[in-house]
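# Notes for the structure review
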Amino acid sequence: QVQLVESGGGLVQAGGSLRLSCAASGTILSINAMAWYRQAPGKQRELVATLTSGGSTYYADSVKGRFATSRDNAKNTWYLQMNSLKPDDTAVYYCNAPSDYPYLWGQGTQVTVSS
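Described in the following lines is the structure provided in the data block.

Quick look at unusual backbone geometry now. A positive phi angle, near 50°, is found at Asn 76, a position not held by glycine. Mapped onto the secondary structure, Asn 76 falls in the loop between strand E7 (67-72) and strand E8 (77-82). The backbone phi angle of Ser 84 is positive, close to 50°, even though this residue is not glycine. Residue Ser 84 is classed as partly exposed on the basis of its relative accessible area, which comes to 40%.

With 30 residues, the main nonpolar core has Met 34, Val 48, Phe 67, Leu 80, Met 82 and Tyr 93 as its most contacted residues. When contributions to this core are tallied by element, the ones reaching two or more residues are strand E3 (18-25), strand E4 (33-39), strand E5 (46-52), E8, strand E9 (91-96) and strand E10 (109-114). Here the element with the most residues in this core is E3; it accounts for four residues. Leaving out residues up to four positions away in the same chain, Met 82 has contacts with Gly 16, Ser 17, Leu 18, Leu 20, Arg 66, Phe 67, Tyr 93 and Val 111.

Reading guide: rules and limits
Residues numbered from 1 in each chain as written. Predicted model: local features only at pLDDT ≥ 70, side-chain atom pairs only at ≥ 80, totals over all residues. Heavy atoms only, no water. Helix = DSSP H or I, 4+ residues; strand = E, 2+ residues; numbered from the N terminus. Buried < 20%, exposed > 50% of the residue type's maximum accessible area, 1.4 Å probe, protein only. Core = buried A, V, L, I, M, F, W, Y, C linked by side-chain atoms within 4.5 Å. Contact = heavy atoms within 4.5 Å.

Following this line, the structure appears as structure tokens:
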């Protein structure tokens, strides 16, 4: 059984940084791309960033230049480095492998940015 576990969230002041982790465990055949989503209270879940196995990335306009996604293959762990955080970045952040395990979601990790 494959699991995705997000961690690394917390409370940070505007302008600060956090690094989120997404650890995949279980019998994983392959993960071709990992996506990061976030959901703020009262809003729909939105795509923040993706990283393919080939190294291609996508970033939402709202985070471009501030967020970066990476992977540690040996640890089966993906990261979302978030810099210059803004109060609008406050949300629960999730990782998801849309092409391999589209229905698999972790519990998310809360990011709160104070002004």
